[in-house]
Amino acid sequence: MATTPSRRPPMGWNSWDCYGTTVTEAEVLANAEFMAEHLLPFGWDTVVVDIDWSDPTARSHGYNAGAPLEMDEHGRLLPDPGRFPSAADGAGFGPLAAKVHALGLKFGIHTMRGIPRGAVEQRTPVLGGDGATAADVADATNVCEWNPDMLGLDHTHPAAQAYYDSTLDLYAGWGVDFLKTDDMLWPYQAADIEAYARAIARTGRPIELSLSPGRDLSLARLDHLREHATMWRICDDLWDRWEDVEANFARFARWAPFAGEQGWPDGDMLPLGRVGIRAERGEPRHDLLTPAERVTLLTLWVVARSPLMVGGDLPTSDPATVALLQNADVLAVHAASSGNREVFREDGLVLWTADGPDGVRYVAAFNLHDVPRAVAVDALNVGLPVAAGGGVGGEVVELWSGSPVRTSAVAVQSDDARGVAPGSAALHLDLEPHGAVLLRCTPTA
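Anyway, here's the lowdown on the structure attached to this text. Just so it is clear, the model here is predicted, and its values are computed rather than measured.

All right, on to the overall build of the chain then. Summing up its helical and strand segments, the chain has 12 helices and 22 strands in all. Compactness check: the chain gives a C-alpha radius of gyration of 24 Å against a globular reference of 22 Å for 445 residues, within 12% of the reference. Each principal axis of the C-alpha atoms in the chain carries an extent, and together these give about 80 × 40 × 35 Å. The buried share of the chain, reckoned over its 445 residues, is 60%. Accessible surface, the chain as shown: approximately 16700 Å² in total, 51% of it carbon and sulfur. Averaging the coordinates of the 34 positive side-chain charges in the chain and doing the same for the 61 negative ones gives two points 2 Å apart.

If you want it as C-alpha cells, here you go:
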C-alpha cells in the first residue's frame, strides 16, 4: 500500500507542548496566522491540533477517565464545540480547516488507535458495518495503557475496517491533510497500522500519516513503516530537558541513514519557545534549554532530516527562538541533503556529515560535555576535500552565524591541530557546553 510521498520531512506546529489536551480554536488560528506570516516562506506549512479535541472536560496535566467525548451517531469523534465553536451543528473541523487552508497551510489533527469506549457502551452502529455495532468490533484485550478513552479493535471482524474507513472518510471530508495517530508503535500494532493506512487510501485524499509514540521502536520494522506511513516516532515524548535531547543522538544515528521520500524517522516535537501553558508536563514557561542546547536540538534534527514540529506557542515565543526557525541556510540542509549519518563519536564529540547539491558538503559538530571545548577536526575525517597545495578545498561557513570557519593546512603534527594528519587540513571549531555548529563546504572551482 503506497504511502503519501513527502519530498522533504514535514514541518509545522503542534499544540501539545504548549496546550496539551486543552487547545482552543482561537489558539490554533493564532498560531496558524503567525506561521503563515513569519514561517511559511521557510517551509513551515502544517498546523496540527493534538489530542482530546473531542473532550469538553479536557484539562492540563492528564486525561479524564470516563470523559463525555463528542461523537456522532456512528461512534466517530467530533470536535468539542465549546473549544471549537465553528464545529457546531455537525460541521466538525471543516470550517477550521478551511481557514487554515486559506492561509496557505495544511491542517492536521491527532487521532487514537481503536474505538471510543463511549461508542462501545452505547453500542453505536458502525457505518458500513452491515449491522455491526461498536461493541461487536471492540477488543478489550488490546487497550492503550496511558489514555482511557479508547478500546482496541478486533481486526478479525470485517466491521473493524469499516469503522476506520468511515472515520477517515469523515476526516477527509473535513479537509484534513495530516494525521498524527497515536498508540500505534508501543507495542507495535501492525494490524491497526495496515487498517488505518488502507482507510486513508480509500478516501482518495492525500493525507500524511504520522505514527506515535515510538518508545522502543526496532529498525526491523522499517519496511513495514515505509509501506504504511509518512513518518514515525523513534522515541517517547521529548521535553525541554538536555537529557531528552542527548538520548536522541543514538536513536538518530541508527535511523537517519534510512530517512527519505519513502518515510521519515521522527525525533518528536521541538519543545522550543513558550511551552507548558496548559500542557501535560510542567507549568507555563519559556523552554528550559540553554541557547546552545536549542541550536544543538535543531542542528541534530536538521542533519538527521527528522520532521520538524514546533511545540511552543508561536505568537508568545521569544523572537530569538523564532529567528532560529527562519534560518534558510540551515533549513536547506533539512530540505535537500542526502547521505546523512553520524561518522564519529568519542569523548563527547559527535560529528555528522551529509551531501548537498553541486558538490556541497555539510558537517555538524556537537559537544555533549557541559564545558566548552576547542577542537581541530581533520577535514578527511568528515569527507571534506583537501586542496593540492594544502588546506580545505573549498569555502567553509558556519550556517547558524554565517561566519567563515578558520581552517589551516597541516604540514607537521602540532598542538594547534592535534590529531590531524600531516598533509590534511584542520577545521578549528569552538563549541559551547552542549553546543553545536553546522558547516557548509562549497568546493572551489
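Here we take up the sheet that holds strand E13 (residues 308–310). Strand pairs in the sheet, formed through backbone hydrogen bonds, run parallel or antiparallel to each other. One open sheet holds the eight strands; their spatial order is E10-E9-E8-E7-E3-E2-E1-E13, and the pairing between them is parallel. Every interior strand has two partners, whereas the edge strands, strand E10 (264–266) and E13, have only one. The average angle at which neighbouring strand axes cross in this sheet is 25 degrees, direction not considered. Bridging between strand E3 (residues 106–112) and strand E7 (residues 178–182) involves five bridges; their strand directions are parallel. In the strand pairing of E7, Ile109 is matched with Leu179. The strands touched by helix H2 (residues 25–38) are strand E1 (11–14) and strand E2 (46–49); relative to E2, the strand with the most contacts, the crossing angle is about 165 degrees.

By the element assignment, Arg305 lies in the loop between helix H10 (291–303) and E13. For Arg305, which is buried and forms no salt bridge, the nearest opposite charge comes from Glu261, at a distance of 7.1 Å. Of the polar contacts made by the side chain of Arg305, one reaches the backbone oxygen of His334; its length is 2.8 Å. In this structure the side chain of Arg305 is engaged in a polar contact, spanning 2.7 Å, whose partner is the backbone oxygen of Ala335. If we ignore the near neighbours within four places in the chain, the residues touching Arg305 are Arg7, Arg8, Pro9, Ala259, Trp264, Pro265, Val333, His334, Ala335, Ala336, Ser337 and Asn340.

Tracing the backbone through its elements, the reader meets Ala425 in strand E21 (residues 425–431). For the pair formed by Ala425 and Tyr19, sequence separation is 406 residues and the distance between their alpha carbons is 49 Å. Those residues in contact with Ala425 that lie beyond four places of it in its chain are Val377, Asp378, Ala379, Val386, Gly391, Val392, Ser408, Val410 and Val420.

Structurally, Gly175 is set in the loop between helix H6 (158–174) and E7. Measuring from C-alpha to C-alpha, the distance between Gly175 and His101 comes to 8.7 Å, with 74 residues separating the pair along the chain.

Evaluated as defined, the whole model comprises 24 salt bridges. Linking Lys99 and Glu25 is a salt bridge whose minimum nitrogen-to-oxygen distance equals 3.8 Å. Within this pair, whereas Lys99 is found in helix H3 (residues 94–102), its partner Glu25 is found in helix H2, the two being separated by 74 residues in sequence. Given a relative accessible area of 41%, Lys99 falls into the partly exposed group. Across the pair Arg241 and Glu243 runs a salt bridge, and its minimum N-O distance is 3.9 Å. For Glu243, a relative accessible area of 47% corresponds to the partly exposed category.

Our focus in this paragraph is unusual backbone geometry. In this structure, Pro187 follows Trp186 across a cis peptide bond, with omega equal to -5 degrees. Assignment of secondary structure puts Pro187 in the loop between E7 and helix H7 (190–203). Looking along the chain, the bond that leaves Ser212 and enters Pro213 is cis, with omega of 5 degrees. Relative to the helices and strands, Pro213 resides in the loop between strand E8 (208–211) and helix H8 (222–228).

Basis of the calculations
- Residues numbered from 1 in each chain as written.
- Predicted model: local features only at pLDDT ≥ 70, side-chain atom pairs only at ≥ 80, totals over all residues.
- Heavy atoms only, no water.
- Helix = DSSP H or I, 4+ residues; strand = E, 2+ residues; numbered from the N terminus.
- Rg over C-alpha atoms; globule rule 2.2 N^0.38 Å.
- Buried < 20%, exposed > 50% of the residue type's maximum accessible area, 1.4 Å probe, protein only.
- Areas by Shrake-Rupley, 256 points an atom, 1.4 Å probe, with all protein chains shown as cover.
- Lys, Arg positive; Asp, Glu negative; His and termini not counted.
- Charge placed at Lys NZ, Arg CZ, Asp CG, Glu CD.
- Pairing = 2+ DSSP bridges.
- Axes fitted to C-alpha atoms, helices over the stretch in contact; angles between N-to-C directions.
- Contact = heavy atoms within 4.5 Å.
- Salt bridge = Lys/Arg side-chain N within 4 Å of Asp/Glu carboxyl O.
- Polar contact = N/O pair within 3.5 Å; in protein donor to acceptor, adjacent residues only side chain to side chain.

Shape is all these values report; function is a separate question.
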